[in-house]
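Residue strings, one per chain:
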Amino acid sequence: MPRIWDWPKGRSMHDSPGGMSKTYVMTVRLPKDLSQGVKRYSAQTGHKPAQVGALAVDEFLRRRTFPLIDFHETAVGRVAYVKGTRLAVYWLSDAVKRLQGNIKRAAEIWELSPDKIHAALHYAEAYPQEIKAMQDGARANRALAEKAEAALARAKALSVGQADTTNLTRFIRRSPR
């Protein structure tokens, strides 16, 4: 699943569908302590320092373009959230769709200003592939969780049945004949 801060080596998250990367080489001078931080983060994430720089600039520009959107580090990487909330943009845009686009109702349900709902929807419109990938990943995770819960329920039912059988066997053995 493509993530905001995680793309294949040598590829940009803004690659064209044809696979040709459109990049621009830019040299940036950083203070030594800042460059050390970039190197540490690069080592932690497995990205090259140039990729980390490109990611940081990308997030900076996204924050400037969408001031009501923030980014959180999650298990799947950097994810866009509505600023000041724990609502991921991909989730909120899907939820608003389920409400047939009723922004007023969504604002009431999640106690958000309509401006924040609009900001999330505009972000989702600007980055549809990112949002779709997150929604697809969430659906896949939900399906796996449902399978795991069903398997656990079956295992519990079997163990209860075995425990009952074991207790019955013990009772029969102890009974006088």
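Residues numbered from 1 in each chain as written. Predicted model: local features only at pLDDT ≥ 70, side-chain atom pairs only at ≥ 80, totals over all residues. Heavy atoms only, no water.

Trainee: What exactly am I supposed to notice about the nonpolar core here?
Mentor: Nonpolar side chains tend to gather and get buried jointly when the protein is soluble and globular. Grouped together as the largest cluster of nonpolar side chains are 19 residues, with contacts concentrated most on Ile69, Ala80, Val89, Leu92, Ile117, Ala120 and Tyr123. Looking at this core, the elements with two or more residues in it are strand E1 (69–74), strand E2 (77–82), helix H3 (89–98), helix H4 (103–109) and helix H5 (114–126). With five residues, the top contributor of residues to this core is H5. Ile117 has contacts with Leu92, Val96, Ile103, Ala106, Ala107 and Leu112, leaving out every residue within four places of it along the chain. (Core = buried A, V, L, I, M, F, W, Y, C linked by side-chain atoms within 4.5 Å. Buried < 20%, exposed > 50% of the residue type's maximum accessible area, 1.4 Å probe, protein only. Helix = DSSP H or I, 4+ residues; strand = E, 2+ residues; numbered from the N terminus. Contact = heavy atoms within 4.5 Å.)

Trainee: What am I meant to see in the pairing of E2 here?
Mentor: Where burial is concerned, most of E2 is hidden: six out of the six residues are buried. Sheet topology places E1 next to E2; six bridges connect them, and they run antiparallel. Bridged to His72 within E2 is Val79. From the end of E1 to the start of E2, which pair antiparallel, there are two residues. (Pairing = 2+ DSSP bridges.)

Trainee: Before we go on, may I ask you to explain the confidence of the model for the chain in this structure?
Mentor: Low pLDDT means the predicted coordinates in that region are not meant to be read closely. Scored by pLDDT, the chain has a mean of 83; 78% of the residues are at 70 or more. Looking at the elements of the chain, mean pLDDT is at its lowest for helix H6 (residues 128–174), recorded as 78, and at its highest for H5, recorded as 97. Predicted confidence is poor over residues 1–20, with pLDDT under 50, and the contacts of this stretch with residues over four places away or in other chains come to 46 contacts. (pLDDT = per-residue confidence, 0-100.)

Trainee: Please clarify how H5 should be interpreted in this entry.
Mentor: For an α-helix, 3.6 residues make a turn, and residues three or four places apart therefore share a direction. A rise of 1.5 Å per residue sets the reference length of H5, with its 13 residues, at 18 Å; its end C-alpha atoms lie 18 Å apart and thus fit the reference within 8%. Listed in full, the buried residues belonging to H5 are Ile117, Ala119, Ala120, Tyr123 and Ala124. The buried residues of H5 occupy one face: seen down the axis, they fall within an arc of 160°. For H5, the exposed residues set more than 90 degrees away from the buried face come down to Asp115 and Glu125. (Expected span 1.5 Å × (residues − 1). Arc of directions from axis to C-beta.)

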